[in-house]
Amino acid sequence: MDAPNTALETRILPYSEPAIAEGARLILAGQPVAVPTETVYGLAADATDSAAVARIYAAKGRPSFNPLIVHVPDLAAVGAFAIVDDDARALAAAFWPGPLTLVLPLRPDSPIAGLVTAGLETIAVRVPQHRAMRALLAATGKPLAAPSANASGAISPTRAAHVLASLGGRIPLIINDGATPAGIESTIIMPSRVAGEPPRLLRPGPIGVAAIESVLGQSLAGAGDAIIAPGQLASHYAPRKPLRLNAVSAAPDEWLIGFAAVGGDDSLSPAGDLVEAATHLFEALHRGDASPKARIAIAPVPNDGLGVAINDRLARAATR
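What counts, and at which threshold
Residue positions are counted from 1 within each chain, in the order its sequence is given. Selection of residues for local features in this predicted model requires a pLDDT of at least 70, selection of side-chain atom pairs for listing and counting requires 80 or more, and totals for whole chains, interfaces and linings are taken over all residues. Hydrogens are left out, water is left out, and the side-chain values use all remaining heavy atoms of the structure. By definition, any uninterrupted DSSP run of H or I lasting at least four residues is a helix, any uninterrupted run of E lasting at least two residues is a strand, and each is numbered from the N terminus. Residue count minus one, scaled by 1.5 Å, sets the expected span of a helix. Bending is quantified residue by residue as the angle between axes fitted to the seven-residue window ending at that residue and the seven-residue window starting at it. In this scheme, a residue with accessible area under 20% of its type's maximum is buried, one over 50% is exposed, and one in between is partly exposed, where area comes from a 1.4 Å probe on protein chains only. In this description, contact between two residues means that some pair of their heavy atoms is separated by no more than 4.5 Å. Polar contact is the term for a pair of N or O atoms within 3.5 Å; when the atoms are in protein, one must be able to donate a hydrogen and the other to accept it, and sequence-neighboring residues count only if both atoms are side-chain atoms. Only when DSSP finds a minimum of two bridges between them are two strands counted as paired.

Once that is clear, we can look at unusual backbone geometry. Residues Trp-96 and Pro-97 are joined by a peptide bond in cis, for which omega reads -5°. Within the element layout of this structure, Pro-97 appears in the loop between helix H4 (86-95) and strand E5 (100-105). Positive phi, normally seen in glycine, also occurs at Asn-246, with a value near 55°. Its place among the elements puts Asn-246 in the loop between strand E11 (243-244) and strand E12 (254-258).

Between its first and last C-alpha, helix H9 (residues 274-290) extends 24 Å over 17 residues, near the 24 Å set by a 1.5 Å rise per residue. Along H9, the helix axis deviates most sharply at His-280, where the bend reaches about 45°. Where H9 is concerned, the buried positions are Leu-274, Ala-277, Ala-278, Leu-281, Phe-282, Glu-283, Ala-284, Leu-285, His-286, Gly-288 and Asp-289. Buried residues along H9 sit against helix H7 (160-167), E11, E12, strand E13 (266-267), strand E14 (295-298) and helix H10 (307-317). N-cap assignment for H9: the residue whose side-chain oxygen lies 2.8 Å from the backbone N of Val-275 is Asp-273.

A separate point is the sheet that holds E14. Backbone hydrogen bonds hold the strands of a sheet together, and the pairing may be parallel or antiparallel. Read across the sheet, 4 strands follow the order E11-E14-E12-E13 without closing on themselves; strand pairing throughout is parallel. Taken across any chain shown, the strands that pair with only one partner, and hence form the sheet edges, are E11 and E13.

Written out as structure tokens, the structure is:
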């Protein structure tokens, strides 16, 4: 495995058939490649290749106990490494392809590298919608482990430039297909009911709780304390600068990110639109990190609907 401090030439190629072919070549050679999904840019590698997965961890500086999401082209592909129950099938029918990750029991004979699951008996999997990731899945014929394409704990990337700023010199290729449409990571659900327990919401995201509960016909339980899915670390998605939440005005040394009626140096959404706010969240944090101010402040965001996912990310970003 390449050492984490080994400098690489990081190329950026616009989305095209040649770019996908080059990305597939690198992945089949055991290298990670940055590619957009509908949520954020992911750092994709062959999920069955332990050395390739280790290069993801090395590039990101990611804690080994934080598992990765495996991306596949369809539900049928999941059965090769995970046990799919009726609840999982119902959620897949309703929301795949799309920004929903399911945490499922791992098959004992699974070909997935142990580093992907961080030694757990479950695996996080989703079927992405974005054309670039789907093209890469088709070109490689492999399940792709793909966490967000940024240094571990840093702001998630929604543009190729964000990936380059965070991982430049650590990975060989970024496939650029513009800004990601959702701008926030997938919702994560554990649908399997063990010993009568209800399905659990492990991470809020673009697909809301009400829609998921409607499909399942019951309420979701909370995540609990154990780390069993990506994005559950207390400190995550963090800018380099201190971040103050629920600010309605800025101190002299703060870059203020506004929302709705609260203005500032930047804004998640002047109109108070939560979808727009989710799309702009990480971009705004990147701009605050690059600003001349020593600290970042961000306006209150309503804690309902998509605001639950936004506030989840902000709470983790503010934990240092």
